[in-house]
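# Remarks on the overall topology
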Amino acid sequence: MIEWSENLYFFITSLTVFISALLFDIILGELPEKIHPTVWAGKIISFWKRRIRRGNLKTEKIGGIWLALASILPIAGVFILLFFFSWRIHMIIYLVIGVFTLKSTFALNSMRKH
């Protein structure tokens, strides 16, 4: 019986997620807008961008920092919690969330079209 080291286990899990995300993208293409994290980020950015006052340079810098944090942290927080809890529930759920997350970061079919 082979004893799996923690590093080997992490490598195989990561490789499985990467290959699955690539295959998902090649076979099915882009995720629907309703479940695409990039679309969510765009909606958050649009929401806050309209509310950030433009004026002097200092206000714009603070608004830009707020915009970056307000658009990244909620989505990152959701996925961090999903990974944290899914790891404890079942490995398959963790892998599915990993594939979904990684797949949403690239679009091979869309890049080829454009």
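The structure this text deals with has already been given above.
As a starting point, this report considers the structure included with it. Keep in mind that what you see is a predicted model, and the values were worked out from it rather than measured.

Turning next to the overall build of the chain. Within the chain, the secondary structure is distributed over 5 helices and 0 strands. The helix and strand sequence of the chain, counted from the amino end, reads α-α-α-α-α. Over its C-alpha atoms, taken along the principal directions, the chain stretches across nearly 65 × 35 × 20 Å. When each of the 114 residues of the chain is scored for burial, the buried share is 24%. Long-range contacts, defined as pairs at least 24 residues apart, comprise 64% of the intrachain contacts of the chain with a sequence gap of at least 6. Entry remark: accessible area of the chain is about 8,900 Å², with carbon and sulfur atoms responsible for 71%. Side chains of the chain carry 13 positive and 6 negative charges; the gap between the two charge centres is 16 Å.

Following both chains from N to C, one finds helix α3 (residues 57-89) and helix α4 (residues 91-103) inclined at 155 degrees, their axes separated by 6 Å at the closest point. If you check the angle between α3 and α4, you find them roughly antiparallel. Counting all contacts with α3, which are made through F79, L82, F83, S86, W87 and I89, the residues of α4 involved are M91, I93, Y94, I97, G98, F100 and T101. The residue makeup of the contact of α3 with α4, split by class, is 10 nonpolar, 3 polar and no charged.

Viewed as axis vectors pointing N to C, helix α2 (residues 37-51) and α3 meet at an angle of 145 degrees, and their least axial separation amounts to 9 Å. Classified by chirality, the crossing of α3 by α2 is right-handed. Contact residues: α2 offers P37, W40, A41, I44, I45, W48 and K49, while α3 offers W66, L67, A70, S71, P74, I75 and F79. Split by residue class, the contact of α2 with α3 holds 12 nonpolar, 1 polar and 1 charged.

Turning our attention to the environment of R50. One can find R50 in helix α2. Given a relative accessible area of 62%, R50 falls into the exposed group. Separated by 37 residues in the primary sequence, R50 and T13 place their C-alpha atoms 41 Å from one another.

In this fold, K103 is placed in helix α4. A polar contact is formed between the side chain of K103 and the side chain of D25, at a distance of 2.5 Å. Sequence-distant contacts of K103, defined by excluding residues within four places in its chain, comprise A21, F24, D25, G29, E30 and L31.

Conventions used here
Residues numbered from 1 in each chain as written. Predicted model: local features only at pLDDT ≥ 70, side-chain atom pairs only at ≥ 80, totals over all residues. Heavy atoms only, no water. Helix = DSSP H or I, 4+ residues; strand = E, 2+ residues; numbered from the N terminus. Buried < 20%, exposed > 50% of the residue type's maximum accessible area, 1.4 Å probe, protein only. Contact = heavy atoms within 4.5 Å. Areas by Shrake-Rupley, 256 points an atom, 1.4 Å probe, with all protein chains shown as cover. Lys, Arg positive; Asp, Glu negative; His and termini not counted. Charge placed at Lys NZ, Arg CZ, Asp CG, Glu CD. Axes fitted to C-alpha atoms, helices over the stretch in contact; angles between N-to-C directions. Parallel < 35°, antiparallel > 145°, perpendicular 65-115°, else oblique. Nonpolar A, V, L, I, M, F, W, Y, C, P; charged D, E, K, R; others polar. Left-handed = near helix turned anticlockwise from the far one by under 90°. Polar contact = N/O pair within 3.5 Å; in protein donor to acceptor, adjacent residues only side chain to side chain.

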